[in-house]
Amino acid sequence: MAIYQDHTDLQLAALLRNSDHAAFSEIYDRYWAVLYLHARKLLNNDEEARDVVQELFTTLWKKSGQIEFNVQLSSYLYKAIRNRIFKHIGRQKLVHDYQQSLADFINEGHIDTDTLVRERELSRLIEQQIQALPPKMREVFELSRKQHLSHKEISEKLGISEHTVKRQVSNALGILRDKLGISASLLCILLGYKG
């Protein structure tokens, strides 16, 4: 395995474009801590900062052959982490605003246009995250959520155990809750999911 500690960022970026795992590892080692500290400062939350940085590196590796580094590697990474943080904060605000609107509806008995807009936006974000689930998990989850099949029906249709179906649905809900920062009850309301 090649050692890349002495390579410049430019050299590492070129190697990364060829899906060189050692170059990726060096970039990870070189930038993980500083990106984490930057994210931690903006998010003021250790776990969320770790998640955002980890998602960035996961995407960097998955799309390594497609990325055009038109700027310095460090600039690219800082811009990418900043964009992810702003997206994360926006998603949190959307969830918070929708939860507040829902609480207002429960207390006052009426729903306003803003609430409907927020609900549509939140539903769109949820659908994006569903599409990002692993393919088999997504298939099971969509059969449960969109076609409203029981665990037994999904088990028979896909030739897998009911236990596997239940675990896949539960795992999918967990991933969606984590990614979207939504409580289980709110997620189930938005999905129209009956469990």
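A brief look at the structure comes next.

Cut-offs applied
- Residues numbered from 1 in each chain as written.
- Predicted model: local features only at pLDDT ≥ 70, side-chain atom pairs only at ≥ 80, totals over all residues.
- Heavy atoms only, no water.
- Helix = DSSP H or I, 4+ residues; strand = E, 2+ residues; numbered from the N terminus.
- Buried < 20%, exposed > 50% of the residue type's maximum accessible area, 1.4 Å probe, protein only.
- Contact = heavy atoms within 4.5 Å.
- Polar contact = N/O pair within 3.5 Å; in protein donor to acceptor, adjacent residues only side chain to side chain.
- Core = buried A, V, L, I, M, F, W, Y, C linked by side-chain atoms within 4.5 Å.
- Phe/Tyr/Trp six-rings, centres within 6.5 Å; stacked < 30°, edge-to-face > 60°.
- Expected span 1.5 Å × (residues − 1).
- Arc of directions from axis to C-beta.
- 1 Å grid on protein atoms, 1.4 Å probe; cavity = no way out; pocket = protein on both sides within 12 Å on 5 of 7 lines; lining within 4 Å.
- Points joined across faces, edges and corners; volume = space filled by probe spheres on them.
- Nonpolar A, V, L, I, M, F, W, Y, C, P; charged D, E, K, R; others polar.
- Salt bridge = Lys/Arg side-chain N within 4 Å of Asp/Glu carboxyl O.

### Points about the overall build of the protein chain
Next up, step 1: The helix and strand tally for the protein chain stands at 9 helices and 0 strands.
Next up, step 2: Each helix and strand of the protein chain, placed in order from N terminus to C terminus, yields the pattern α-α-α-α-α-α-α-α-α.
Next up, step 3: Of all 195 residues assigned to the protein chain, the portion counted as buried reaches 35%.
Next up, step 4: Nonlocal contacts in the protein chain, meaning residues at least 24 apart in sequence, comprise 56% of its contacts between residues at least 6 apart.

### Thoughts on the side chain of Ser64
Next up, step 1: With respect to the secondary-structure elements, Ser64 resides in the loop between α3 (46–62) and α4 (73–108).
Next up, step 2: On the accessibility criterion, Ser64 (2% relative accessible area) is buried.
Next up, step 3: Looking at Ser64, its side chain comes within polar contact range of the main-chain oxygen of Trp61, at 3.1 Å.
Next up, step 4: Sequence-distant contacts of Ser64, defined by excluding residues within four places in its chain, comprise Leu16, Arg17 and Ser19.

### Comments concerning unusual backbone geometry
Next up, step 1: In this structure, Ser19 is a non-glycine residue whose phi angle is positive, near 55 degrees.
Next up, step 2: Note that Ser19 resides in the loop between α1 (9–17) and α2 (21–43).
Next up, step 3: What makes Ser19 partly exposed here is its relative accessible area of 40%.

### Brief notes about the environment of Leu10
Next up, step 1: For Leu10, the location among the structural elements is in helix α1.
Next up, step 2: Overall, the relative accessible area of 68% leaves Leu10 in the exposed class.
Next up, step 3: In this structure the C-alpha to C-alpha distance between Leu10 and Ser74, which are 64 residues apart in sequence, comes to 9.7 Å.

### Remarks on the nonpolar core
Next up, step 1: Formed by 26 residues in total, the largest nonpolar core has its most connected members in Ile27, Leu35, Phe57, Leu60, Leu77 and Ile81.
Next up, step 2: Every element with two or more residues in this core is listed here: α1, α2, α3 and α4.
Next up, step 3: When sequence neighbours within four positions are dropped, the list of residues in contact with Phe57 reads Phe24, Ile27, Tyr28, Tyr31, Trp32 and Leu35.
Next up, step 4: Within the second largest apolar cluster, 14 residues are counted, among which are Leu133, Phe141, Leu143 and Val169.

### Description of the packing of aromatic side chains
Next up, step 1: One pass over the full model with this rule turns up 5 aromatic pairs.
Next up, step 2: Plain terms: the ring middles of Phe24 and Tyr28 are 6.3 Å apart, the flat faces sit at 40 degrees to each other, and that makes the pair tilted. Taken together, the residues Phe24 and Tyr28, both in helix α2 and 4 residues apart, mark about one turn of the helix.
Next up, step 3: Among the residues examined, Tyr28 registers a relative accessible area of 25% and is labelled partly exposed.
Next up, step 4: Among the aromatic residues, ring-to-ring pairing joins Phe24, Tyr28, Phe57 and Trp61 into one connected group.

### Remarks on α3
Next up, step 1: An ideal rise of 1.5 Å per residue puts 24 Å on 17 residues; α3 measures up with 24 Å between its terminal C-alpha atoms.
Next up, step 2: Within the span of α3, buried status applies to Ala49, Val52, Val53, Leu56, Phe57 and Leu60. Angular distribution of buried residues about the axis of α3 spans 130 degrees; they occupy a single face of the element. Those residues of α3 that are exposed and aimed more than 90 degrees away from the buried face are Glu47 and Lys62.

### Here's the deal with the layout of surface pockets
Next up, step 1: Size it by volume and the second largest pocket reaches roughly 190 Å³.
Next up, step 2: Forming the boundary of the second largest pocket are Leu56, Thr59, Leu60, Lys63, Ile67, Tyr76, Ala80 and Arg84.
Next up, step 3: Contributing elements (two or more residues each) for the lining of the second largest pocket: α3 and α4.
Next up, step 4: Residues of the lining of the second largest pocket, tallied by class, amount to 5 nonpolar, 1 polar and 2 charged.

### As for the pattern of salt bridges
Next up, step 1: In the structure shown here, the tally under the stated rule is 5 salt bridges.
Next up, step 2: The partner of Glu26 in a salt bridge is Arg30, with the nearest N and O atoms 3.2 Å apart. Taken as a pair, Glu26 and Arg30 lie in helix α2 at a separation of 4 residues, close to a single helical turn.
Next up, step 3: Accessibility expressed as a relative area gives 26% for Arg30, which makes it partly exposed.
Next up, step 4: Where Arg40 meets Asp46, a salt bridge forms, and the shortest distance between an N and an O atom there is 2.2 Å.
Next up, step 5: You can call Arg40 partly exposed: its relative accessible area is 26%.

Everything listed here is a matter of geometry and, on its own, says nothing about what the molecule does.
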